[in-house]
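Descriptive structure summary
Residue strings, one per chain:
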Amino acid sequence: MVELFLRFERATSRVALAAAVLMLCVSVTTGFYQVLTRFVFDAPSTWSEVVARSSMIWCVFLAAAACFRGGYMMSVEVIYKMIPARRLILLEAAIALGCLIVLVVLVYFGTAMTFRVRNQMLSGLGISISWVYAAIPIGAGFSVLAVLARLVAQATGREAVGLADVEADAPPQEALPPVAADGTSMPSTALPNGDDTAQPTRRSGL
């Protein structure tokens with residue numbers, strides 16, 4: 001049952017992310033067209049600005065699902081470091097609960113607002129403005145599934161809890177070469193027999 005839910009959420013998050021990328025492309029393209037018609041042809045378009053703004057709204061709300069699922073939202077790392085590792089799942093549950101409360105509010109009131117403004121029209125397009133407001137409940141709905149899936153995956157041991165996954169993916173830092181007492185760097189040079197010897201190299205003075 002858990003695996004089936006995670007597969008379903010993975011599919012919905014991919015759909016939301018693909019739609020968000022598409023909306024971003026539409027927003028950039030129509031924004032460029034708006035600038036082109038306004039400053040190059042001196043004949044501003046009446047619809048491109050509305051489409052660019054509306055598609056960017058859809059992009060933000062749809063992409064939020066992927067951010068929630070991957071844990072890419074802003075976090076206070078010091079809190080994770082203060083809590084013991086075995087208690088981190090409780091912190092994740094508290095964070096998920098707070099997110100779910102906000103997202104459920106967005107779904108509820110976003111749906112109500114979408115139906116309330118269905119008779120208003122977008123200037124320059126002649127379509128209902130409710131198509132723009134619909135991004136709120138739909139994007140929040142995708143995010144609800146993402147938050148639940150992340151918490152379930154962590155609780156069942158399928159994913160790392162806390163910042164362990166972020167620290168594991170961090171690239172290793174390259175060690176600095178040793179420095180001699182006189183201020184010269186000493187890079188190691190491999191010899192044919194496998195031993196390393198340090199040869200001082202004078203640094204450029206600044």
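Our subject is the structure listed above.
Residues numbered from 1 in each chain as written. Predicted model: local features only at pLDDT ≥ 70, side-chain atom pairs only at ≥ 80, totals over all residues. Heavy atoms only, no water.

**Focus: the packing of helix 4 (residues 88-116) against helix 6 (residues 135-155)**
Two elements in contact, helix 4 and helix 6, have axes separated by 8 Å at closest approach and are oriented at 165 degrees. Between helix 4 and helix 6, the angle is such that the two are roughly antiparallel. Crossing of helix 4 over helix 6 shows left-handed handedness. Residues Ile89, Glu92, Ala93, Ala96, Cys99, Leu100, Leu103, Leu106, Val107, Gly110, Thr111 and Thr114 of helix 4 lie in contact with helix 6, whose contacting residues are Ile136, Pro137, Ala140, Gly141, Ser143, Val144, Val147, Leu148, Arg150, Leu151, Gln154 and Ala155. Among the residues making up the contact of helix 4 with helix 6, the classes are represented as 16 nonpolar, six polar and two charged. (Axes fitted to C-alpha atoms, helices over the stretch in contact; angles between N-to-C directions. Helix = DSSP H or I, 4+ residues; strand = E, 2+ residues; numbered from the N terminus. Parallel < 35°, antiparallel > 145°, perpendicular 65-115°, else oblique. Left-handed = near helix turned anticlockwise from the far one by under 90°. Contact = heavy atoms within 4.5 Å. Nonpolar A, V, L, I, M, F, W, Y, C, P; charged D, E, K, R; others polar.)

**Remarks on the packing of aromatic side chains**
Under the definition given, this model contains two aromatic pairs. Between tyrosine 108 and phenylalanine 109, the ring centres sit 5.0 Å apart and the planes meet at 90 degrees, which makes this aromatic pair edge-to-face. Comparing tyrosine 108 with phenylalanine 109, the two get one shared label, exposed. (Phe/Tyr/Trp six-rings, centres within 6.5 Å; stacked < 30°, edge-to-face > 60°. Buried < 20%, exposed > 50% of the residue type's maximum accessible area, 1.4 Å probe, protein only.)

Shape descriptors only; they carry no functional weight alone.
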